[in-house]
Amino acid sequence: MRAAVRSELRKLFSTRLWWVLALSGGAYLAIMGVAMAFVFSFEAAANDSADLGFNISATSRGRPDPALLTYSIAGSMAYVFPLLIGTLSVTQEFRHRTITGTFTAEPRRHVVLCAKMLASLPMGLVMGAACVAALVSPAALVFAGQGVPNGLGSAETWAFLGRALLDFTVWAGVGVGVGALLRNQVAAIVVVLAVTQFVEPVLRMLGAMLDGWSWTRFLPGAAGDAIQGVSVYDAMADINSAEPMGFGWAALVLAAWGVGFAAIAYATTWRRDVS
Amino acid sequence: MIQVRALSKRFGQVNAVIDLSFTARDGRVTAFLGPNGSGKTTTLRAALGLLKPTAGDVLFDGRHYQDIRRPARQIGASLEASSFHPGRTALDHLLTLAPGAAVAEERCREVLDLVGLAGQANRRVGGYSMGMRGRLGIAAALLGDPGTLLLDEPTNGLDPEGISWMRNLIRAMAAQGRTVLISSHLLGEVERTVDDVVIIARGQLVHASPIADLERFGAPTAVVAATDPPALAALVARAGWDAQWGADGSALIRGVTPVGIGQAAFDAGLVLTQLASQKPGLEQAFFRLTEGGGLQ
């Protein structure tokens, strides 16, 4: 298993894909982070005199810190990047037919699947570190410039950022499960984008509004946000009914999605003939 | 030693390989021949555990491929479709295989040097020619210094110099006592490289022997000339022989023994100036054995 994991790590880091995705995620987060930092700074300045109608104080957790809320977009908006690296690490093998060499080097297919999942975790962590750094550094400067506390002096912020990294890490593993299940690269990308950008956000919005829809908090995106513990979705959708999951439980729920996808793949297509 | 034992593989309604058995022995180069679509690649893929056989199995020194730990140290395989990620360099490609073969970067550079790609080690494979990809596939197969080599169409895409290089490499591997099985759809390309031939057509074994014994399967061929060429032509036409005419009026006749030709000429009252038996070509023997045995 160790050899297979080392092989998979080498595969992940030896093409341009990972840093292209990390760069895209970082750039996206940096722009969004700076924009949000300005919005929150202006709101903080105006807060005493007027209510802007964007009421972020109505959550059960009380008023989230503007800095934390800004930093939270790391997990809630950019999780698609570690998810994609995990997914593509599998679908590329089928696309370029390198899966032949992979299964020849390690004929025990369950070992290959486990190795891919394990190897994706450090990759998720590295991408998370890059994305979080790209988000936090400019946003913190904006807060500092506007005289709003940027939270970098508080342990709570750093614990939060640590949980964001955990979120990225687990998402990469979920991606491997998704890739193993779908195998076709184009189909996988379409499904990942459709689900993360449309299907799940809609379900979570409905979950926040409808009675009996509290199960939506077990959806992967919701679980991922619960790992961080703070999320823009929660703040805007005004969820106050369900008690939030602890980050440990949330990580387990998200990991269960990844393991579940991989298990279904293994039970169905993973052991098929490769020709 | 590689033993293919009563191997069958069916894809839906198509029987790709039917009850195929043969052995590739140590220290010898075995050619696995057959027209395109005759089941060669299916057999190799089944041997490597990539396909599940419908029946039968393949053993490497008595063991199934799936039961061998670190298979790259015992069996080096390069499949025709052996594909590479275009964005990965040759060295990185080998480094992804290095853990499985339990070798270090030094060995990766060594095999790249061996196949003549040392100068291209850090180039992305996407820019490689067919021949260079073939060489990289061989480098990957040699990485773990295996005792058995399985090479699918190793001369594909190689220039004449490359084919000669490949021939020497394969001979050297067998001389070191390794088992080498190479597949090809062209006997001519491997004729001078191999010790044994295994020929399949339509997924079935049609011939297995040392290459020297293959010649017997060629059609008899004779060169014949007469004092009266038009009369000879009339005889050939009457008899319905398969003849090829030379500029000097002689005919190369296939499918008839010299005795048969001599008798017919005598009966027709022809004076022959030449009647010689010709060694049938290996390629011809191959075509005879596999006639119509390609894609169904």
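Keep in mind the model is a prediction, meaning the values are calculated, not measured. The numbering scheme is per chain: residues are counted from 1 as the chain's sequence reads. Each chain takes a letter, starting from A, and each ligand takes a number, starting from 1, following the order in which they are written. Per-residue local features are limited, in this predicted model, to residues with pLDDT of at least 70; the limit for side-chain atom pairs, both in listing and counting, is 80 or more; totals at the level of whole chains, interfaces and linings are taken over all residues. As a rule here, side-chain values cover all heavy atoms of the structure and leave hydrogens and water aside.

1. Notes on the overall build of chain A
Under the scheme used here, helices are H or I runs from DSSP no shorter than 4 residues and strands are E runs no shorter than 2 residues, and both carry numbers assigned from the N terminus. Across its full length, chain A carries twelve helices and zero strands. Along the chain direction, N to C, the helices and strands of chain A fall in the order α-α-α-α-α-α-α-α-α-α-α-α. Expressed as a percentage of its 275 residues, the buried residues of chain A come to 51%. Counting contacts in chain A only where the partners sit at least 6 residues apart, residues at least 24 apart contribute 84% of the total. Values of accessible area rely on a 1.4 Å probe in the Shrake-Rupley scheme; residue burial ignores everything except the protein chains shown. Split by element, the accessible area of chain A, about 11900 Å² in all, is 68% carbon and sulfur. Each residue is placed in one exposure class: buried if its accessible area under a 1.4 Å probe, protein chains only, is under 20% of its type's maximum, exposed if it is over 50%, and partly exposed if it falls in between. Residue contacts follow a heavy-atom distance rule, with two residues in contact if any of their heavy atoms lie within 4.5 Å.

2. Observations regarding the overall build of chain B
On a plain count of helices and strands, chain B comes out with nine helices and 13 strands. Dimensions of chain B along its principal axes, counting C-alpha atoms only, are 80 × 45 × 35 Å. Here chain B holds 296 residues, and the buried ones make up 51% of them. Put simply, 69% of the contacts in chain B that link residues at least 6 apart link residues at least 24 apart. Accessible surface, chain B as shown: approximately 12900 Å² in total, 50% of it carbon and sulfur. In chain B, 29 side chains carry a positive charge and 28 a negative one; their mean positions are 7 Å apart. Here the positive residues are Lys and Arg and the negative ones are Asp and Glu; neither His nor the chain ends is included. For this purpose, a charge sits on NZ of Lys, CZ of Arg, CG of Asp or CD of Glu.

3. Section: the side chain of A:K11
By secondary structure assignment, the location of A:K11 is in helix α1 (residues 2-13). Any pair of N or O atoms that falls within 3.5 Å is considered a polar contact. Within protein, one atom must be able to donate a hydrogen and the other to accept it, and sequence-neighbouring residues count only if both atoms are side-chain atoms. At 3.1 Å, the side chain of A:K11 forms a polar contact with the side chain of A:E93. Aside from chain neighbours lying at most four places away, what touches A:K11 is A:E93, A:T102, A:K116, B:R88 and B:T96.

4. Regarding helix α3 (residues 105-114) of chain B
Residues and elements named next belong to chain B. Those residues of α3 that sit buried are R107, C108, V111 and L112. Seen end-on, α3 carries its buried residues on one side only, within an arc spanning 140 degrees. Turned more than 90 degrees from where α3 packs its buried face, E106 and D113 sit exposed. Contacts made by the buried residues of α3 are with α2 (90-101) and α4 (130-142). Looking one or two residues past α3, G116 carries a phi angle of roughly 80 degrees, positive in sign. Taking the helix axis as origin, the arc is that swept by the directions to the C-beta atoms.

5. Observations regarding the sheet that holds strand β6 (residues 148-152) of chain B
All names here are of chain B. In this analysis, strands are considered paired if DSSP registers two or more bridges between them. Sheet architecture is open: six strands sit in the order β5-β6-β7-β3-β8-β9, paired in mixed fashion. Looking at strand neighbours, the two that pair on one side only are β5 (75-78) and β9 (204-210), the edges of this open sheet. Strand after strand, the sheet turns through a mean of 15 degrees between neighbouring axes, direction not considered. The sheet contact formed by β5 and β6 spans four bridges and is parallel. Paired with I75 across the bridge in β6 is T148. Under this scheme, a helix contributes an axis fitted over its contacting stretch, all axes are lines through C-alpha atoms, and angles between N-to-C directions fall in the 0 to 180 degree range. Packing against the sheet, α4 makes contact with β5 and β6, and its axis sits at approximately 165 degrees to β5. Docked against the sheet, helix α9 (residues 282-290) engages β3 (29-33), β8 (196-201) and β9, running at close to 35 degrees with respect to β8.

6. Notes on the pattern of salt bridges
Note that side chains of opposite charge can pair when their charged atoms are close. All names here are of chain A. Within this document, salt bridges are pairs made up of a side-chain nitrogen of Lys or Arg and a carboxyl oxygen of Asp or Glu, the two lying within 4 Å of each other. Taken as a whole and assessed by the stated rule, the structure comprises 16 salt bridges over all chains. Across the pair K11 and E93 runs a salt bridge, and its minimum N-O distance is 3.1 Å. Of this pair, K11 sits in helix α1 while E93 sits in helix α5 (residues 80-95); the two residues are 82 residues apart in sequence, bridging distant segments of the chain. The exposure class assigned to E93 is buried, which follows from its relative accessible area of 4%. Three or more residues are tied together by salt bridges with common partners; here these are E8, K11, E93 and K116.

7. What to know about the interface of chain B and chain A
Each partner contributes to the interface: chain B provides 28 residues, whereas chain A provides 23 residues. Accessible area that two parts lose when put together, with a 1.4 Å probe and added across both, is what the buried area reports. The largest share of the area that chain B buries against chain A comes from B:L50, B:H85 and B:P99, three residues that together contribute 23% of it. Between the two partners, chain B and chain A, sit twelve residue pairs in polar contact (both at pLDDT 80 or more). Among the elements of the structure, β1 (2-11) and α2 of chain B are those that each provide at least two residues to the side of chain B that touches chain A. In terms of residue count, the dominant contributor to the side of chain B that touches chain A is α2(B) (five residues). Taken together, the residues of the side of chain B that touches chain A sort by class into 13 nonpolar, seven polar and eight charged. In this count, Pro and Cys sit with the nonpolar residues alongside Ala, Val, Leu, Ile, Met, Phe, Trp and Tyr, while Asp, Glu, Lys and Arg are called charged and the others, Gly among them, polar.

8. Details of the sheet that holds strand β2 (residues 14-24) of chain B
Residue and element names in this part refer to chain B. Taken in spatial order, the three strands make up an open sheet running β2-β1-β4, and their pairing is antiparallel. Every interior strand has two partners, whereas the edge strands, β2 and β4 (55-60), have only one. Taking the axes of each pair of neighbouring strands and ignoring which way they run, one obtains an average angle of 20 degrees across the sheet. Note: β1 against β4, five bridges, orientation antiparallel.

9. Things to note about the packing of aromatic side chains
Aromatic rings from Phe, Tyr and Trp, taking only the six-membered ring of Trp, are treated as a pair when their centres fall within 6.5 Å; an angle between ring planes under 30 degrees marks them as stacked, one over 60 as edge-to-face, and anything in between as tilted. Taken as a whole, this structure holds ten aromatic pairs over all chains when the rule is applied. When the ring of A:F13 is compared with that of A:W18, the centres are 5.1 Å apart and the planes differ by 65 degrees; the resulting orientation is edge-to-face. Seen in terms of ring centroids, B:F60 and B:Y65 are 6.0 Å apart; in terms of plane orientation they differ by 65 degrees. Their pairing is edge-to-face. Three or more aromatic residues link up through ring pairs in this structure, and these residues are A:F94, A:F103 and A:W270. Against the face of A:F103 rests A:R109, its NZ or CZ located 4.3 Å from the ring centre. Think of it as a cone above the ring: NZ of Lys or CZ of Arg counts as a charge over the ring if it is within 6 Å of the ring centre and within 35 degrees of the ring normal. A cation over an aromatic ring shows up here: A:R271 above the ring of A:Y266, its NZ or CZ 4.5 Å from the ring centre.

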